[in-house]
Every structure is written in structure tokens, then in C-alpha cells.
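Report on the structure
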Amino acid sequence: MHQILGFPSVAYVDFGLFGKHGRRLLAQLAFFAFVLMPDGMWTRRQLHGPENYNAWWGCWRVYSTALVLLKACDREVLDAYAEFIRALNEDYGERCWYLVLQGDVRMRSERFERLRCNLEIEKSTNPLVEFDELRPWNAVYSRAVVDHDFW
């Protein structure tokens, strides 16, 4: 994790490798869900990742603790993101977990870099924007929760 944070890239980790029990859990982190296809038909697909919020929460606790210990993010910011994911799961239910999970994965693996770049630009034009170049993911996690265009 220290090496990942040392590069100017997204602080994304696959919960299959980073969660509780590490590699042993990797083979188990898949579940089946019915997915709506473009033609309007539902099809059963195997999806990778934690099968429900509780499994995600176990992986998240390991990941977020590492970020706090490495001083990459504040606990409060990470807790707010986790609470946001919990609220999505609660609002839409377990039947839509696969959508919440895909949103989380895409946010952390794809959207975070865009948010970081936007925060850098905003900081250069507005000194009141809270963005620390040494701890960019702290601001990125804060912005992710209110990124209504994405969610």
C-alpha cells in the first residue's frame, strides 16, 4: 500500500487481494446476480467482488485502516465514504448490491483520478479549496461522496 501511495496514480486496491484473508478470499469473491441486458432481458452473470455489504465492509476496514496508518487519509473522511456506500445499499437493497459495488469499484479505480485532477486545478485558482498535494486522497474521498454527476 505504501508503494501504491508513492506513485501519482489512483490509490485503488482490489478487495479480492486486500480484504480479510487476502489471497484465500480471492477465489471466493464472486457472486451471481441478474443483470438487465440492453435488449430488456435479464440474464444471470457471475460478478467479482464482495457478495454483499457486510463482505465489502470487512475488506473496507482493512483498506481504510492502512490508509489511516500511512497518513494518506483521515478516518472521518473514510468513514463518510463507507457510510455513503452503506446508505446506498440500504436505500436500494441487497438485490441492487451489484450496482452499488460496481459504482464503488468504478469510483475508486476510474473516477478518483479525474477528481484529483479537478481538485488540483481548483486549488490553483482558488486557495480556499481544501486540497493537500501530499495527501490528495483525503480530498478525493471527500469529493467522491458529493459527486452527484457520477452517482
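Here goes a summary of the coordinates provided.

Rules of the game
- Residues numbered from 1 in each chain as written.
- Predicted model: local features only at pLDDT ≥ 70, side-chain atom pairs only at ≥ 80, totals over all residues.
- Heavy atoms only, no water.
- Helix = DSSP H or I, 4+ residues; strand = E, 2+ residues; numbered from the N terminus.
- Buried < 20%, exposed > 50% of the residue type's maximum accessible area, 1.4 Å probe, protein only.
- Contact = heavy atoms within 4.5 Å.
- Areas by Shrake-Rupley, 256 points an atom, 1.4 Å probe, with all protein chains shown as cover.
- Core = buried A, V, L, I, M, F, W, Y, C linked by side-chain atoms within 4.5 Å.

**Thoughts on the overall build of the chain**
On a plain count of helices and strands, the chain comes out with seven helices and two strands. Taken across its 151 residues, the chain has 38% of its residues classed as buried. A fraction of 60% describes how many contacts in the chain between residues 6 or more apart in sequence connect residues 24 or more apart. Accessible area for the chain stands at about 9500 Å²; split by element, carbon and sulfur atoms hold 54% of it.

**Focus on the nonpolar core**
Core analysis: the biggest nonpolar cluster contains 32 residues, and Trp 56, Trp 60, Tyr 81, Ile 85, Phe 112 and Tyr 141 have the highest contact counts within it. Taken together, the elements giving at least two residues each to this core come down to α4 (53–69), α5 (75–92), α6 (97–125) and α7 (136–145).

**Here we look at the environment of Leu 134**
By the secondary structure assignment, Leu 134 is in the loop between α6 and α7. On the basis of relative accessibility, which here comes to 79%, the residue Leu 134 falls in the exposed class. Here the alpha-carbon distance between Leu 134 and Lys 71, two residues 63 residues apart in the chain, equals 9.9 Å.

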